[in-house]
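Observations on the three-dimensional arrangement
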Amino acid sequence: MPEFTSAGLGAWTEPHPFAVTAERLAQYAEATNDPIEAHRAGEVAAPVFAIAPVFQTLGPAVFGVAPLELVPRLVHGEHDFHFHRAIRPGDELSSRSRPVGVVSREKGTTVVVHSETRDAAGELVNEQWMTAYFRGVDGGRTDGEPAPPHAFDDDGDPLGTVTTRIDDDQTFRYGPAAGDPMPIHLDADFARAVGLPGIIVHGMCTLAFASWAVLTRFADDDVTRLARLAVRFAKPVLPGAEITTAVHAGGAFQTTAGDDLVLKDGLAVLR
């Protein structure tokens, strides 16, 4: 089995530039069925749009630690956004990423990547921690730093729920809007070849649905109030599924599709 390495931990990728336009922000909102008017008009970015500027840097960071031949075993395990300010049209952003930790277990190995996005003045716009999970791979080492914790710890009744439906063509709209061309979301034959039931919805698309559920119910549609958004991707969602996001005290949330928990250990921190 190919071995992981600790030598790349802490090494930043090359910065990736990203010019923000109102059209791109509106496209992302439409691709995630976002009902918030300011997002759909391209006046301000929906929170999960923050993945788009960093996306090109994540792969080089992950495979600075993991063997490249393990690409087919890679799934998105967790994601954690820390927002310093909202993204707006006209922003000239620069993003970079670095692997900060690797944890090996018998059933799989995780690589934690820390990303940062800055504006033209060098001010920090957001930070992100992405956990990549390699299914069925014992990487042979544990080293570095874990991602910040965000475990779900509320067993009481939710403060509110939002139920909505994933469209049949959702992945084909989301992929271009987010800049994510991964074939498991677009090619049914490829998805089945790697052990999936068919095309699955991007995890970040499902999280985008959950984010606007939080903002519409608890933040008066104001994305600038969202300081943190973290989640663990528990199960894939299929196009056409009906999903329900339940928000608990303290911003803990989870999302279900039927009887399946698809987003777990969710945390939305509002200012």
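Since this is a predicted model, take the numbers as computed values, not measurements.

Definitions and limits used
- Residues numbered from 1 in each chain as written.
- Predicted model: local features only at pLDDT ≥ 70, side-chain atom pairs only at ≥ 80, totals over all residues.
- Heavy atoms only, no water.
- Helix = DSSP H or I, 4+ residues; strand = E, 2+ residues; numbered from the N terminus.
- Buried < 20%, exposed > 50% of the residue type's maximum accessible area, 1.4 Å probe, protein only.
- Contact = heavy atoms within 4.5 Å.
- Expected span 1.5 Å × (residues − 1).
- Core = buried A, V, L, I, M, F, W, Y, C linked by side-chain atoms within 4.5 Å.
- Polar contact = N/O pair within 3.5 Å; in protein donor to acceptor, adjacent residues only side chain to side chain.
- Pairing = 2+ DSSP bridges.
- Phe/Tyr/Trp six-rings, centres within 6.5 Å; stacked < 30°, edge-to-face > 60°.
- Lys NZ or Arg CZ within 6 Å of the ring centre and 35° of its normal.

**Focus on the environment of phenylalanine 83**
- Relative to the helices and strands, phenylalanine 83 is located in strand 2 (residues 74-83).
- Given the relative accessible area of 10%, phenylalanine 83 is considered buried.
- In sequence terms phenylalanine 83 and valine 269 are 186 residues apart; their C-alpha atoms lie 9.9 Å from each other.
- When sequence neighbours within four positions are dropped, the list of residues in contact with phenylalanine 83 reads Pro47, Ala50, Val125, Asn126, Leu226, Ala227, Arg228, Leu229 and Arg271.

**Some details on helix 6 (residues 203-218)**
- End to end, helix 6 covers 22 Å across 16 residues, agreeing with the expected 22 Å (1.5 Å per residue, within 8%).
- Within helix 6, 12 of the 16 residues are buried, which leaves the element mostly enclosed by the surrounding structure.

**Concerning the nonpolar core**
- Grouped together as the largest cluster of nonpolar side chains are 66 residues, with contacts concentrated most on Tyr28 and Leu207.
- Per element, the largest residue contribution to this core is 10 residues, and it comes from helix 6.
- Aside from chain neighbours lying at most four places away, what touches tyrosine 28 is Ala46, Val48, Phe49, Ile51, Tyr174, Ala177, Ala178, Met204 and Ala208.

**Quick look at the side chain of histidine 114**
- Tracing the backbone through its elements, the reader meets histidine 114 in strand 4 (residues 108-118).
- Exposure remark for histidine 114: the relative accessible area of 5% places this residue in the buried category.
- Here glutamate 127 takes part through its side chain, which lies 3.0 Å from a polar atom of the side chain of histidine 114.
- When residues no more than four places from it in sequence are discounted, the contact partners of histidine 114 are Trp12, Arg96, Ser97, Arg98, Val100, Glu127, Gln128 and Trp129.

**A word on the pairing of strand 11 (residues 260-270)**
- Inspection of the sheet shows strand 8 (residues 226-233) paired to strand 11 by 6 bridges, in the antiparallel sense. Each bridged residue has a counterpart across the sheet, and for leucine 229 the counterpart in strand 11 is alanine 268.
- Two elements, strand 10 (residues 252-257) and strand 11, share 5 bridges in a ladder whose sense is antiparallel. By the bridge assignment for strand 11, threonine 256 is matched with leucine 261.
- Hairpin connection between strand 10 and strand 11: a loop of 2 residues separates the two successive antiparallel strands, and glycine 258 in this loop has a positive phi of roughly 65°.

**What about the pairing of strand 5 (residues 124-135)?**
- Counting buried positions along strand 5 yields 9 of 12 residues, so the element is predominantly enclosed.
- Two strands pair when backbone bridges link them, and strand 2 and strand 5 are joined in this way by 9 bridges, in the antiparallel orientation. What sits directly across from histidine 79, in strand 5, is methionine 130.
- Across 11 bridges, the pairing between strand 4 and strand 5 is antiparallel. Note on strand 5: the bridge partner recorded for histidine 114 is tryptophan 129.
- The antiparallel hairpin formed by strand 4 and strand 5 contains 5 residues in its connecting segment, where glycine 122 sits at a positive phi of about 85°.

**What to know about the packing of aromatic side chains**
- Tallying each qualifying case throughout the model produces 7 aromatic pairs.
- Each ring, one from phenylalanine 81 and one from phenylalanine 83, has its centre 5.4 Å from the other, and the planes form 10°; the classification is stacked. By the burial criterion, phenylalanine 81 is buried, and phenylalanine 83 matches it.
- A centroid spacing of 5.7 Å and a plane angle of 40° characterise the contact between phenylalanine 209 and tryptophan 212, whose relative ring orientation is tilted. In this pair, phenylalanine 209 and tryptophan 212 are both assigned in helix 6, 3 residues apart and thus about one turn of the helix distant.
- Judged by relative accessible area, phenylalanine 209 falls into the buried class, the value being 1%.
- Clustering of aromatic rings is evident, with ring pairs tying together Phe18, Tyr28, Phe49 and Tyr174.
- In this structure, arginine 96 packs its charged tip against the face of tryptophan 12, placed 3.9 Å from the ring centre.
- The ring of phenylalanine 218 carries the charged tip of arginine 217 above its face, separated from the ring centre by 5.8 Å.

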